[in-house]
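Results of the structural survey
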Amino acid sequence: MPHTSRYQKVCDVFTNKVIACAKDTPLIEAVKLMRAHNVSAIFVKQQQQIIGVWTETDCLTLNFSNHSLRQLAIESVMSSPVLSVPSQQLLTETAMVFNKQGVRHLLVTDTNDIPSGVISITDIVNNQGLEHYLQFRPINDQYNKNIRIVPSSLAINDAVSMMREYAEKVILVFNEDENAHGIITQRDLLKLITEQHNHFVCWDLASRPLYQISPQDSLFDAYRLMSESNIRHLVVSENNQINGVLSLENLINEIETAYCCELEKVLQQRDIALQHSQRNLFLANKIIDSSLDGIMITDSNGVIMQVNPAFTHLTGYKEYEVIGKRPNMLSSGRHDKNFYIKMWDSLTKTGVWQGEIYNRKKSGDIYIEWLSIIEIKEPSHSEVIYAAIFSDITERKSAEEKVVQLAYFDELTGLPNRRLFNDRLSMALASAHRDKQMLAVMFIDLDRFKEVNDSLGHNAGDTLLKLVSERIINTLNEGDTLARLGGDEFIVLCEINNVEGAITLAESILNHLNTPFKLEGFEVGVTASIGAAVYPDDGLDSETLLKHADIAMYRSKDVGRNSFQLFQPSMNARSLERLAMMSRFQHALENDEFELYFQPKQCLKTGGIMGAEALLRWHDPDLGTISPAQFIPLAEELGLVVRLDLWVINQAGKELTLWQAQGIDAGRLAINVSACHLSQGKLADNIKAMLTRYQLPGSLLEIELTESSFIGSFSQAKEQLQQLKTLGVHIALDDFGTGYSALSYLTKLPFNTLKIDASFIAKIPDEYGNSQIVAAIIAMATSLGLDVVAEGVEHASQEAHLVEIGCIVIQGYYYCHPLTQQQWIAFYNQAAKGYSESTLTS
């Protein structure tokens, strides 16, 4: 290959004329034009635009028994669209186009994108100086031995059908009377279009005499004979015996092979020269090869120059499969043209683009990658190159989507949960206010659902909830929302034209639920109590509407269940009950009716205590012990939750002081604080005041927060947590997985510990998908350097599974129930004694 051939362009070798005809030109006229100019392809124009191409090879697709064939418009048989290349494109790049597209002709356009000529693969290989290669290659097995020989009397239409059926480009014809052979090629078929052929037989069309060559001759001899005789096919014969046919296409393929080999050598030589040009480039390549991110480097035209091993690992494509090709070979087809326009606009303006993009692996699998493209300009060179750095984030995105699913949808029924319902309600209220429409909010509570769980089991109860949700959905109109708040509580949001619309819908729901459900061979009847509030009559905001719908629902239960009630201002029974509870709650704060219980955490490696959590209990003289699930929401509603937090913080200080006095080394004491306290911006100051008052180090205290604590005011929460971190206080994210669970919070906020919610632990190890989520959470937390605590461990099988997947600390009834202060101290002393004895015996 001449040294400069790799720098040749299309304009150096192409044929600078384009034979074309109008789209309505009859086929016979188009063929005559081709034969007049001795070309094998003709282009089709419409208003000076090239819209198609027809070649000799297309003859095989024609039905020659069609008497109107010759008058067919060329448009009806052409191939479209027409592939083109710019005249200034390098021959090396053009050869890749031929190889990729599997064509033999390309239209050449000038700098104004106007057709200026045609280039074929033959034009390229004929200009590479490779004829010497053919001189040393005997014909041998390079020809087609399975050539078909048909009798001279065979009808030409039958011969064409045979060529089409067996994809033959040439057949031989034998005339027994003359003991002679002829040949029919694709070019000969053109005569069938320009001449009357109703009674043609093969001998009428066959070209003769045959040009022959021996198998011992070289391919160069064959190439020269074809060129001198202006033919494309030679019969290979030996001892007057026809062995087969050698086509110009066979020679071209051999030259293409040599050309590709030479081109590959040139590219390898170029890469070697680049690798040894400077030591810095060598070091850069080492870094690229060692990177765990896939890296692809392209030139200014988007041709891939270099990839690293991680690229092969992530995409499945080896280096030799992509070098010299374009990145669109990875395209997934999921992004439209506008996406790439914006991408390149950003690259042009800023020199960098980052974002998520779908691509396709060699296996065909679609994956999501985080891609960064950087424009690189060498100081001493005007050429621009681009470096693309990417990582496969498919699994991470899948995990995020799963977390989002858990955050916004009920896991059992697939319905929207409280968070998503509140979002939709807020948007619906804004729309209703703007358009002056009416809305209805309905609380639906199943009557005596607990009896189903107690008698048939929780699995049956879960099945019933799914069946109920399906029936309710079937009664709703398009655009209405059904959500599950938890347990057997559902809520509906719907547009109505009048109050009667809400009544009609509620009655429809009750009627649908009255039909018994089939559960485990039993027919189970279920009724519901429904309460509704209407916008704007019963409230103008989400909170008021939900509260009034809740009051109406409880009124429905009071009047006998299986009924529907619209909110009325007179429904104040529940309000009076809350007022009474308010009075008792304030009295409890003033008379020290609250108490801290302690639930220890266990280290699965040592078996010892790994800290404890303080749990708040309320001992009312009349009602007895009341759980936080009942009074914490009340405290939040009454605005007393921060005051309750301060009581807990002060009691924690007293307890830690007692621990130090009695020599209790149980690790950190964890306390729960409210979102309201954090959002007020005084939590860090209150904790600092307590630590100062009792002269305690912050490392003995752990603050547990739920995700709802910082969603509303992220920046303020971050500031407060940073201050707590400065005090040495540890911070735990409680109930992980049940709230918003945005993974970004784990990296943006200074958490030390992540506590997996008990609802996940309850389903391991039996539920595969759930177990995988727990394992993924542990792996994620470990990689982020966070401690992990599994809450709600109640069985030995759960503990064993947690050990297996790498969890170190557990908390739950399996290890210890919540204890009073005296019970806790006794438990600690017993545990410490047991640990000491086991240490001595070991």
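Residues numbered from 1 in each chain as written. Predicted model: local features only at pLDDT ≥ 70, side-chain atom pairs only at ≥ 80, totals over all residues. Heavy atoms only, no water.

Some details on the pairing of strand β2 (residues 41-46)
Definition in use: For two strands to count as paired, DSSP must find a minimum of two bridges between them. Going along the chain from the N terminus, every DSSP run of H or I of four or more residues is numbered as a helix, and every run of E of two or more is numbered as a strand.
Direction of pairing for strand β1 (residues 20-22) relative to β2: parallel, over a ladder of three bridges. By the bridge assignment for β2, A22 is matched with K45. Strand direction decides the pairing type here: β2 and strand β3 (residues 49-55), joined by six bridges, are antiparallel. When the bridges of β3 are listed, F43 appears paired with V53. Count of turn residues in the β2/β3 antiparallel hairpin: two residues, of which Q47 carries a positive phi of about 55°.

A look at helix α26 (residues 714-726)
A turn of α-helix holds 3.6 residues, and therefore any two residues three or four places apart point the same way. What counts is decided by this rule: What a helix should span is 1.5 Å times the count of its residues minus one. Type-normalised accessible area, obtained with a 1.4 Å probe on protein chains alone, sets the label of each residue: buried when under 20%, exposed when over 50%, and partly exposed for intermediate values. This arc describes the spread of directions from the helix axis toward the C-beta atoms.
Given a rise of 1.5 Å per residue, 13 residues ought to cover 18 Å, and the 18 Å separating the end C-alpha atoms of α26 matches this to within 8%. Turning to α26, its buried residues number three or more, namely A717, Q720, L721 and L724. Viewed along the axis of α26, the buried residues span an arc of 95°, placing them on a single side of the element. For α26, the exposed residues set more than 90 degrees away from the buried face come down to S715 and T726. A positive backbone phi angle near 90° is found at G728, which sits one or two residues after α26.

Section: helix α30 (residues 796-804)
Here is the rule we go by: Contacts are residue-level and defined by heavy atoms, with any inter-residue pair within 4.5 Å sufficient.
Among the residues making up α30, those that are buried are Q798, E799, H801 and L802. The arc that holds the buried residues of α30, viewed along the axis, is 165°, so those residues lie on one side. Looking at the buried side of α30, the elements it contacts are β25 (594-603), α28 (758-761), α29 (768-783), β32 (787-791) and β33 (809-811). One or two steps after α30, the chain reaches G806, where phi turns positive at roughly 95°.

Regarding the sheet that holds strand β4 (residues 84-86)
We apply this condition: Each axis is a line fitted through C-alpha atoms, taken for helices only over the stretch in contact, and angles between the N-to-C directions span 0 to 180 degrees.
Taken in spatial order, the three strands line up as β4-β5-β6 in an open sheet, and their pairing is mixed. The sheet is open, and its two borders are formed by β4 and β6 (115-120), each paired with just one other strand. Between one strand and the next, the sheet's axes are offset by a mean angle of 35°, whatever the strand orientation. Sitting on the sheet, helix α2 (residues 91-101) is in contact with β4, β5 (105-109) and β6, with an inclination near 135° to β5.

Points about the nonpolar core
This is how the line gets drawn: To qualify as a nonpolar core, a set must consist of buried Ala, Val, Leu, Ile, Met, Phe, Trp, Tyr and Cys residues joined through side-chain atoms within 4.5 Å.
By size, the foremost hydrophobic cluster in this structure holds 79 residues, and its most contacted members are F585, F594, L802 and W824. Tallying contributions element by element places helix α22 (residues 641-661) first for this core, with nine residues. With residues near it in sequence (within four places) discarded, F594 still touches F585, A588, L589, L616, R617, W618, F631, L644 and W647.

Overview of the sheet that holds strand β24 (residues 563-566)
In space, the five strands of this open sheet follow the order β19-β20-β18-β23-β24, with mixed pairing throughout. If you trace the sheet from one side to the other, it starts and ends with β19 (481-486) and β24, each paired once. This sheet shows a mean twist of 20° between the axes of neighbouring strands, independent of strand direction. Examined bridge by bridge, strand β18 (residues 438-446) and strand β23 (residues 528-535) share eight bridges and lie antiparallel to one another. Counted as the bridge partner of I444 is I530 from β23. Lying on the sheet, helix α18 (residues 499-514) is in contact with β18, β20 (489-496), β23 and β24; it crosses β24 at an angle near 160°.

So, unusual backbone geometry
Cis peptide bonds are those with omega within 30 degrees of zero, and the linkage from S80 to P81 qualifies with 0°. With respect to the element layout, P81 can be found in the loop between β3 and β4. Cis rather than trans, the peptide bond between R208 and P209 has omega equal to 0°. By the secondary structure assignment, P209 is in the loop between α7 (202-205) and β10 (212-213). The backbone of N38 sits at a positive phi, close to 55°, despite the residue not being glycine. Here N38 lies in the loop between α1 (27-37) and β2. A positive phi angle, close to 50°, is found at N179, a residue other than glycine. As for its placement among the helices and strands, N179 is situated in the loop between β8 (170-175) and β9 (180-185). Judged by its relative accessible area of 60%, N179 falls in the exposed class.

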